[in-house]
Amino acid sequence: MKIDLSLYFITDKKLSGKRKESEIINQVIEGGATVFQLRNKDQSEAEMIISGKKILEKTGRKIPFIVNDFVNVAKALRADGVHVGQKDMEAGLVRELIGENMVIGVSVSTVAQAVKAQKDGADYLGVGPVFATSTKKDAEKPIGLKVLENIRNVVTIPIVAIGGIECTNAASVLRIADGIAVISGILKAENIKVKTQEFAEIIKKVKWRNI
Ligand code: TZP
Ligand code: MG
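Quick summary incoming for the structure in this document. (Residues numbered from 1 in each chain as written. Chains lettered and ligands numbered in written order. Predicted model: local features only at pLDDT ≥ 70, side-chain atom pairs only at ≥ 80, totals over all residues. Heavy atoms only, no water.)

### A look at the overall build of the protein
The helix and strand inventory of the protein stands at 10 helices and eight strands. Taken over the C-alpha trace, the protein has a radius of gyration of 16 Å; the compact-globule value for 211 residues is 17 Å, and the two agree within 12%. Considering only residue pairs separated by 6 or more positions, the protein has 59% of its internal contacts joining residues 24 or more positions apart. For the protein, the computed accessible surface area is about 10600 Å², with 52% contributed by carbon and sulfur atoms. (Helix = DSSP H or I, 4+ residues; strand = E, 2+ residues; numbered from the N terminus. Rg over C-alpha atoms; globule rule 2.2 N^0.38 Å. Contact = heavy atoms within 4.5 Å. Areas by Shrake-Rupley, 256 points an atom, 1.4 Å probe, with all protein chains shown as cover.)

Right, dumping it as structure tokens:
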């Protein structure tokens, strides 16, 4: 399965505040997000399956979605993919468990990790944090545009930049990466749909080499 990774929204319960996650997802879809990830660091696998089911009932499956961390949750929700980090199951084993149809994403921060993840069978890489972020408490130090570019040059699979991506720096990243993954850059906005549209507009412009 091929997924458009250009505007990759990731959920975050804390940053959602009083707003319902399903409503937020519906707004990012309307705004032009191309894929979303269900990410929840505070729930067990069983809890995530239950909350994921409820969310999907309200959002439908208008764009592909990916489950963070848990293969079992991805399978139970019939997700389009699963995303794992360096401390999770490695991509080769994930592939054995999920089969050929689901997409596998792997988080990397170094060239060596990127080369290994591609060799292990990752379909795409989440690369970062490119810039400083307070969303992920145990995030590595920001890698910057240079390392992002080095990673771009050693792998052939798509790369999605993550970490501190805002409308102000999105273009610089998109000149190197295939997509941007955004959490707070969208969730801190008052109007989620309008903010997502702003990101989508930047993506369109960079694609057509206008900025
Ligand atoms: N992985 C690396 S940085 C990060 C994750 C999950 C958090 C990105 O969040 P934000 O708010 O877009 O900086
Ligand atoms: Mg993880």
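### Let's talk about unusual backbone geometry
Put simply, G128 and P129 share a cis peptide bond, and its omega is 0°. Along the polypeptide, P129 turns up in the loop between β6 (124–127) and α7 (144–154). In the Ramachandran plot, D69 falls in the positive-phi region, its phi being about 75° despite a non-glycine side chain.

### Brief notes about the coordination of the magnesium ion (ligand 2)
Within the protein, D69 (OD) and D88 (OD) serve as the donor atoms for the magnesium ion (ligand 2), at 1.9 to 2.2 Å. Placement of D69 in the loop between β3 (65–68) and α4 (71–76) and of D88 in the loop between β4 (81–84) and α5 (91–98) is noted, with a sequence separation of 19 residues between them. Under the relative-accessibility criterion, D69 is labelled buried at 16%. (Donors = N, O, S within 2.8 Å, 3.2 Å for Na, K, Ca; no water. Buried < 20%, exposed > 50% of the residue type's maximum accessible area, 1.4 Å probe, protein only.)

### Considerations on the packing of helix α6 (residues 111–120) against α7
It is the contact of α6 with α7, at a shortest axis distance of 9 Å, that shows an interaxial angle of 30°. With respect to α7, the element α6 is oriented roughly parallel. The two elements α6 and α7 meet at a crossing, and its hand is right-handed. Taken together, the residues of α7 that come into contact with α6 (itself represented by V111, A114, V115 and Q118) are N150, I151 and V154. (Axes fitted to C-alpha atoms, helices over the stretch in contact; angles between N-to-C directions. Parallel < 35°, antiparallel > 145°, perpendicular 65-115°, else oblique. Left-handed = near helix turned anticlockwise from the far one by under 90°.)

### Some words on the site of ligand 1
Residues in contact with ligand 1, as listed here, are R39, P129, T133, T135, K136, I162, G163, G164, V182, I183 and S184. Between ligand 1 and T135, the relevant distance is 2.5 Å, taken from an oxygen atom to a side-chain nitrogen or oxygen of the residue. The side chain of S184 places a nitrogen or oxygen atom 2.5 Å from an oxygen atom of ligand 1. When the free accessible area of ligand 1 is taken as 370 Å², the share hidden by the protein chains comes to 93%. In terms of residue class, the shell around ligand 1 is built from four nonpolar, five polar and two charged. (Near = heavy atom within 4 Å. Polar contact = N/O pair within 3.5 Å; in protein donor to acceptor, adjacent residues only side chain to side chain. Nonpolar A, V, L, I, M, F, W, Y, C, P; charged D, E, K, R; others polar.)

### Overview of the sheet that holds strand β8 (residues 179–182)
Adjacent strands of a sheet pair through backbone hydrogen bonds, lying either parallel or antiparallel. Spatial ordering of the closed barrel is given by β1-β2-β3-β4-β5-β6-β7-β8, a layout of eight strands whose pairing is parallel. On average, each strand axis in the sheet is tilted by 25° relative to the strand beside it, whichever way the strands run. Across the sheet, helix α3 (residues 45–59) lies against β2 (35–38) and β3, angled at about 150° from β2, the strand it touches most. With respect to the sheet, α7 is in contact with β5 (103–108), β6 and β7 (159–162), its orientation differing from that of β7 by roughly 165°. (Pairing = 2+ DSSP bridges.)

### Focus: the nonpolar core
Y8, F9, V106, L125 and I180 are the most contacted members of the largest nonpolar core, which has 69 residues in total. At five residues, helix α10 (residues 192–207) tops the list of elements feeding residues into this core. Aside from chain neighbours lying at most four places away, what touches I180 is L5, S6, L7, Y8, V160, A161, I165, A170, V173, L174, F199 and I203. (Core = buried A, V, L, I, M, F, W, Y, C linked by side-chain atoms within 4.5 Å.)

### Overview of α7
Those residues of α7 lying buried are L148, I151 and R152. One side of α7 holds all its buried residues, which, seen down the axis, span an arc of 105°. Exposed residues on α7 whose side chains face more than 90 degrees from its buried face are K146 and N153. The inward-facing, buried residues of α7 contact β5, α6, β6, β7 and α8 (170–174). (Arc of directions from axis to C-beta.)

None of this, on its own, says anything about what the molecule does.
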